[in-house]
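Summary of structural features
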Amino acid sequence: MRTNRAEALALVLPAALFATAIFLVPVGILLSEAFRSGGTWSVDAYFEFFSQPLNQTVFFRTLKLGVLVTAVSAVIGYVAAFCIVGLEPRNRGRIFGLVVLPLMISPVARTYAWIVILGRTGIVNQAILGLGISDTPVRILFTETAVFIGLLQLFMPLMIISLVSAMENLPRDAISAARVLGANWLQVFLRVILPLTREGLVIGGTLVFTGSLTAYITPAILGGAKVLMLETLLYQRVTVANDFLSASVIAMILIVMSFSANVLLKRVATSRRGGTP
Amino acid sequence: MNRTWTSRLVIFLTLAFLIGPFFVIIAAALSGGNSLAFPPQGFSLRWFIAVFEVKSFRASFGLSMFLAVFGTLAALLLGVPAAYAVTRYRIPFGEAVRMAVAAPIIVPGIIVGLALLRYLVVPIGMTVTVALFLAHTALVLPYAVRVVAASLENLRPDIEEAAVLLGCTRFGAFRRTVLPNIRGGILAAFILGFVTSFNQVPVSLFLSGPGVRTLPIDMLAYIEMTYDPSVAALSALLAFLSIGIVFAAERFLGLSRYV
Amino acid sequence: MSDGYVSLEALTLAYGRSVAVDRLDLSIRRGELLALLGPSGCGKTTTMRAVAGLLEPRSGRIRIDGADVTRTPPNRRNVGLVFQSYALFPHLSVFENAAFGLRLRRDSKSGVESRTRAILATVGLENLAGRNPSELSGGQQQRLALARSLVMEPKLLLLDEPLSNLDARLRLEMRTELQRVQIETGVTMVFVTHDQSEALALADRIVVMRDGAVVQTGTPEEIYNRPRTAFVADFVGFDNIFSCREGMLVSDSGSVDRTGNVPDSGALAWRPADVVVGSGSLRGRVVASSFAGQHREYVLESPLGRIKAQVPAGEPAHPIGGEVAFALPPGKAHPLPDDGG
C-alpha cells in the first residue's frame, strides 16, 4: 500500500468528481425539493403525499410485493442452491451459467414474454379454457399476480447466485456432520445451513428487495395503470401532472426503503450468533 | 424417489421458470399471424424482417449502441485509474470516495434520470443525447471500478516494483506489467458495462426527446401502441445478441471469474 | 460373515459410474479398534461414509448389532463419524458443538449440560467451552470433534484419517488419547488411514484395502511380519521385492540366477536392514548414501535394479559412485505366496 496522497487523489478524483457532479448533486437537489415546498424547510410534502389514499395503496403494494418476491425467491433459492451445490463441479458451472444468463438479457424482452404467457389469449388461459377449469379467460395480466411473477423471474437469479456462493463456502462436511449427529433435513437447514449462509441471504435479499422496489419495466408492462407501484407512480406523476414534489417524496421513500432493508437484513443476520457457553 | 432425481427436477423447474419464457417468445416471434399468440399461427420469419423495417428501431438501436460502447469506454477511462488507486494506495477519505463512485448502483435509476433532466438538461440547455451519455457513463462506472479492482487484487503489486528496478518509469511499469495482466478484467468490465448500459431503462425514461430514444424505451413505447409480434422478434434477437456476447466472453475470457 | 458386531456384506459403492468399492465383505467385532489401511483412492473413506449412511450403497448390506441399517438414514443410525476436516460448526461455541447432537434429541436441559461438560472434561477441553472452534489449536479441534461424536454414545465410532492434520508431536499424543478413550468408553472404533505406522501402532486389527477390495486382514504383528502380497509387503517396509520364475529372481530391470534358493513362483522380499552390504555374490554401485543416526542407508544400482539397504552406523562407509558387493541372504527372504510380483 502506497501512501502518496497527491498521486492517489489524481487517480481517483476524476471518477469521484464525475459521480458527484452527475449523480450526487442533482439527486441531492431533487431529494431536497420535497423539504423546501412552500419556501421554507418542512416535511409537509410527506404528509400531503401520504394523505392521498392512492399513494398509500401504492406504497403498501410496493412494500408487499417487495417482501413477497424476496421471501419466495429466498425459499426457492435455498432449495435450488442446495441442489446446484450438490452437482459435480462441471455441471454446477453449466447450471450456474444458465441461472446467470437471464441477467444479461434485456428486461424488456424478459418481461414481454409474460404477456404471451399470461395474456387473455396466452398460454395459461388457453390451458384453463382447454381443461375446462373456467369458461371465460381469467384475468392475470394487469394484476398484482402478474407483476409478482414478472419480478420473481427477473430477480430470483440474484438470490440463487448469492446463496450458491454462500453454500459453496460452507465448511466441508458440516452438513454430513449434522446428519450423523442425528439431525433431520429441517434441523440441518435451521441449525447449520441457515446460520452459516446468512450473509449470502442478506446480499441476495437486499438485491432482490431493492430490485423489486425500483423495477420500472415489470410494473409498467405487466401491471399497467391498474397496478401502480412507486416507480410507475413517480413516472406518472411527472409526465401527467408535472408533479415534481411527489417525485421527490417517492425518490426519498425508495432510497430509505432500500437502505432500511439492507440494515434490517444485516441485523437479522448478525443476531443470535454463537450459543450458550 | 431418488435424491439425485429430486434435485434434478428442482433444477429443471427453476430453470424452466427462469429461461422458459424465452422459448415462448421465440416461438411467438416465429408466428405468421398478425397478433401475438401462442402457439404461433403458422411459421414465418416475417416479423424478424419487419423489425428491421421499423425506422425508429433502427435509430434507437444506433443510439443504444453508441451509449453502450462510448459510455462504457468513458467509464473505463475514469474507472481504471480509480480502481488502481483503490487497490494500490491508502486513499485519504477512502470510504467517502468509494461511496461516491458506488452511488449510481444504490440510487434508483429513474431518480437519476429525472434529476439530470431537471437540473442539467432544462436549466443548462444540455442536449438529451449528452445527458444520456453522461448518465450511462456514471451508471457503468461502479461496475468498471469493481471488476477492474477485482482483477488488480489478484495481481501481485510487487511486479511493478520489479519493473521499476529494472529501469521502467512508473507509468511504463504500469503499461508493461500491470495493463497486460488486467486486460481480461478490463474486457470483462467492458462487456458487463455494455450489457448493463444497453439494457438500461429507468435512467433513460425521462431522458428522451424528439427522435432521441434508447432502444428499450422505444420498445416500451411500441408495446403500448401495437400488439404485433415484432417486439417479440426484436426481444428474441436482443436475447441472442446478449447470449452470444456473454457466451463468447465466458468461452474466451472466463468472464465469471471477474463478476 | 454375519457373525460380527458390524458386518458389511457384498457392499458395492459407486459415485455416478465409477465404482469405488466392489462387493466388499468385512466383519468388525464389538469393542475392537480396527484400522482400514490403504493408499488414497482405495475406497476406505467411501466405505466409511457408507457405514455412516452418507452414501447409499449400490448393492449389498450393512448390519450393525444385528439390525440391517442399509436403508437407514444417517440421523437414525447412531454411528459417530470424526471427519478428516473435523467439520466443526463455525457458528457455534465449543460447548454448543459438543452439545449439538444431544440438543437434537431433546434431552432435558440439565442432562445436556452435565453430559456435555463431562465429555469435554474427558477430552480436556472443559476450560475452553466458551471459545469458538476457530480459536482452538489443531489438536484441540480434533478432540472437540471426537467429543462431539462420543457424547452421543454411538454404537460405532468412525474416524477418517484422524491424525493426518496434526504435527508429529501432537500425532503421538493423540494416538495415546484415542487408545485411552477407546479403553475408557469401550466404543467400537474404526479408523481410516494411509499411514501404516499409525495403523500398526494403534489398531487391534488391520484391514488392508486396495482398489476397493480387501487384500489382507490381520493383527498388526501378522501384517507387519507376514504380508501375503507384494502390495502389503511394500506397505510395511519390504522395499526390495522380486518375483521368482524358474529359479530366477526377476525385477523390471533384470534377473539373477538363484537356482535352489528360490521357489518356482510367487515372490520374495527383503527389508533394507536384511540386505548385507560389503560381502556377497551380487555387485552394485552406490548411488546414494545417507547417515541416519543409528544406521546408514544405501541405494545400490544393481542388475536387479535399485536395492535399498540399511547397515549399522558403526560399519565403514562406502563412497558414492563406488562398486560394492552385497547379498540378499536366503534365510532372511520373506516369501509372498499370493503374488507374482
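Keep in mind it's a predicted model, so treat the numbers as computed, not measured.

**Regarding the overall build of chain C**
- The helix and strand inventory of chain C stands at 8 helices and 19 strands.
- Within chain C, the fraction of its 341 residues that count as buried is 42%.
- In chain C, of all internal contacts separated by at least 6 residues, the share reaching a separation of at least 24 is 65%.

**Topic: the overall build of chain B**
- Tallying secondary structure elements over chain B gives 11 helices and 0 strands in all.
- Overall, chain B shows an N-to-C arrangement of helices and strands of α-α-α-α-α-α-α-α-α-α-α.
- Principal-axis analysis of the C-alpha atoms gives chain B an extent of 70 × 65 × 30 Å.
- Pairs at least 24 apart in sequence give 73% of the contacts found in chain B among residues at least 6 apart.

**Points about the interface of chain A and chain C**
- Contact residues are listed per partner, giving 20 residues for chain A and 25 residues for chain C.
- Those elements that provide at least two residues to the side of chain A that touches chain C are α8 (174-180) and α9 (185-196) of chain A.
- Counting residues per element, the side of chain A that touches chain C draws most heavily on α8(A), at 5 residues.
- Within the side of chain A that touches chain C, the residues separate by chemical class into 10 nonpolar, 6 polar and 4 charged.

**A look at the packing of helix α2 (residues 94-104) of chain C against helix α4 (residues 138-150) of chain C**
Residue and element names in this part refer to chain C.
- Relative orientation of the contacting elements α2 and α4 amounts to 30°, with a least axis distance of 7 Å. Our classification of the angle between α2 and α4 gives roughly parallel. With respect to the hand of their crossing, α2 and α4 are arranged in right-handed fashion. On α4, the residues touching V94, N97, A98, F100 and G101 of α2 are L144, A147 and R148.

**Focus on the pairing of strand β2 (residues 18-28) of chain C**
All names here are of chain C.
- Sheet analysis places strand β1 (residues 6-15) next to β2, joined by 7 bridges and oriented antiparallel. Counted as the bridge partner of S7 is S27 from β2.
- Between β1 and β2, which follow one another and run antiparallel, lie 2 residues, and G16 among them has a positive phi close to 55°.

**Re the arrangement of the chains**
- Considering every one of the 2 pairs of chains in contact, the largest contact total is recorded for chains A and B.
- Spatially, chain B and chain C are disjoint, and the shortest separation between their C-alpha atoms is 10 Å.

**Remarks on the interface of chain B and chain A**
- Every contact between the two is made by 68 residues of chain B and, on the other side, 69 residues of chain A.
- For the side of chain B that touches chain A, the element with the highest residue contribution is helix α1 (residues 3-29) of chain B, accounting for 13 residues.
- Along the lines of polarity and charge, the residues of the side of chain B that touches chain A split into 58 nonpolar, 6 polar and 4 charged.

**Describing the nonpolar core**
- With 168 residues, the main nonpolar core has A:A19, B:I25, B:A135 and B:A232 as its most contacted residues.
- No other element matches the 16 residues that helix α7 (residues 144-168) of chain A contributes to this core.
- Of all hydrophobic cores here, the second largest spans 111 residues; its members include C:A50, C:V69, C:F191 and C:A230.

**Brief notes about α2(C)**
All names here are of chain C.
- Counted residue by residue, α2 has 9 buried out of 11 residues, so it is predominantly covered.
- Every buried residue belonging to α2 is among V94, F95, E96, N97, A98, A99, F100, G101 and L102, and all of these are buried.
- Elements in contact with the buried residues of α2: α3 (109-122) and α4.
- Directly after α2, the chain includes R106, whose backbone phi takes a positive value near 55°.

**Quick word on helix α4 (residues 94-106) of chain B**
- Here α4(B) contains 13 residues, and its C-alpha end-to-end distance of 18 Å stays within 8% of the 18 Å for a straight helix at 1.5 Å per residue.
- B:A100 marks the point of greatest bend in α4(B), at about 35°, and the proline B:P104 comes within the next four residues.
- Within α4(B), burial applies to B:V97, B:A100, B:V101, B:A103 and B:P104.
- Among the structural elements, α1 (5-33) of chain A together with α3 (55-88), α5 (109-124) and α6 (128-153) of chain B are those in contact with the buried residues of α4(B).

**A word on unusual backbone geometry**
All names here are of chain C.
- One non-glycine residue, A10, lies in positive phi territory at about 45°.
- We note that A87 has phi near 50°; this positive angle belongs to a residue other than glycine.
- Position of A87 among the secondary structure elements: in the loop between β6 (79-82) and α2.
- The class of A87 is buried, set by 26 C-beta atoms lying within 10 Å.

**Brief notes about the sheet that holds strand β12 (residues 248-250) of chain C**
Residues and elements named next belong to chain C.
- Across the sheet, 5 strands lie side by side as β13-β12-β11-β14-β19; this open sheet has antiparallel pairing. The strands lining the two open edges of the sheet, one partner per strand, are β13 (255-257) and β19 (334-336). Adjacent strand axes in the sheet meet at a mean angle of 30° when their direction is disregarded.
- Pairing analysis gives 3 bridges linking strand β14 (residues 267-270) to β19, with the strands arranged antiparallel. Each bridged residue has a counterpart across the sheet, and for A269 the counterpart in β19 is H334.

**So, the environment of B:V140**
All names here are of chain B.
- Note on placement: V140 falls in helix α6.
- A count of 30 C-beta atoms within 10 Å places V140 in the buried class.
- Distance from V140 to L13, taken between C-alpha atoms, is 33 Å for residues 127 residues apart in sequence.
- Once residues within four sequence positions are removed from consideration, V140 is found in contact with G71, T72, A75, G193, T196 and S197.

**Re the confidence of the model for chain C**
- Across chain C, the average pLDDT comes to 89, with 97% of residues at or above 70.
- Interface predicted TM-score (ipTM) for the complex: 0.89; the corresponding pTM is 0.85.

**Thoughts on the sheet that holds β2(C)**
Residue and element names in this part refer to chain C.
- Taking strand neighbours across the sheet as the criterion, the 4 strands line up as β2-β1-β4-β5 in an open arrangement whose pairing is antiparallel. Two strands in the sheet have a free side with no partner beyond their single neighbour: β2 and β5 (67-68).
- The pairing of strand β4 (residues 59-64) with β5 spans 2 bridges and is classified as antiparallel. Considered in β5, the bridge of R63 is made with D68.

**Considering the environment of A:A177**
- As for its position among the elements, A:A177 is in helix α8.
- A:A177 gets classed as buried once you count the C-beta atoms within 10 Å, which come to 30.
- Taking C-alpha positions, A:A177 is 9.5 Å from A:V188, a pair spaced 11 residues apart along the chain.
- With near-sequence residues (within four places) excluded, A:A177 lies in contact with C:F83 and C:A87.

**As for the environment of C:A333**
All names here are of chain C.
- Within the element layout of this structure, A333 appears in the loop between β18 (323-327) and β19.
- For A333, a count of 21 C-beta atoms within 10 Å translates into the label buried.
- Taking the C-alpha atoms as reference, A333 lies 8.5 Å from R271; in sequence the two are 62 residues apart.
- Here A333 is in contact with L268, W270 and L328, once residues within four sequence places are set aside.

**Observations concerning the pairing of strand β11 (residues 240-245) of chain C**
Residue and element names in this part refer to chain C.
- For β11, a buried count of 5 out of 6 residues is recorded, marking the element as mostly surrounded by other parts of the structure.
- In this structure, β11 lies alongside β14, joined through 4 bridges in antiparallel fashion. Bridge pairing in β14 links N240 to W270.
- The sheet contact formed by β11 and β12 spans 3 bridges and is antiparallel. Bridge pairing links S243 to V250 in β12.

**Quick notes on the confidence of the model for chain B**
- Predicted confidence across chain B gives a mean pLDDT of 86, with 95% of residues reaching 70 or more.
- Here α4(B) stands out as the element of chain B with the lowest mean pLDDT, 75, in contrast to α3(B), whose mean of 92 is the highest.

Reading the values: rules and limits
Residues numbered from 1 in each chain as written. Chains lettered and ligands numbered in written order. Predicted model: local features only at pLDDT ≥ 70, side-chain atom pairs only at ≥ 80, totals over all residues. Helix = DSSP H or I, 4+ residues; strand = E, 2+ residues; numbered from the N terminus. Buried ≥ 20, exposed ≤ 12 C-beta atoms within 10 Å, placed from the backbone. Contact = placed C-beta atoms within 7 Å. Nonpolar A, V, L, I, M, F, W, Y, C, P; charged D, E, K, R; others polar. Axes fitted to C-alpha atoms, helices over the stretch in contact; angles between N-to-C directions. Parallel < 35°, antiparallel > 145°, perpendicular 65-115°, else oblique. Left-handed = near helix turned anticlockwise from the far one by under 90°. Pairing = 2+ DSSP bridges. Core = buried A, V, L, I, M, F, W, Y, C linked by C-beta atoms within 7 Å. Expected span 1.5 Å × (residues − 1). Bend = angle between axes of the 7 residues up to and from the residue. pLDDT = per-residue confidence, 0-100.

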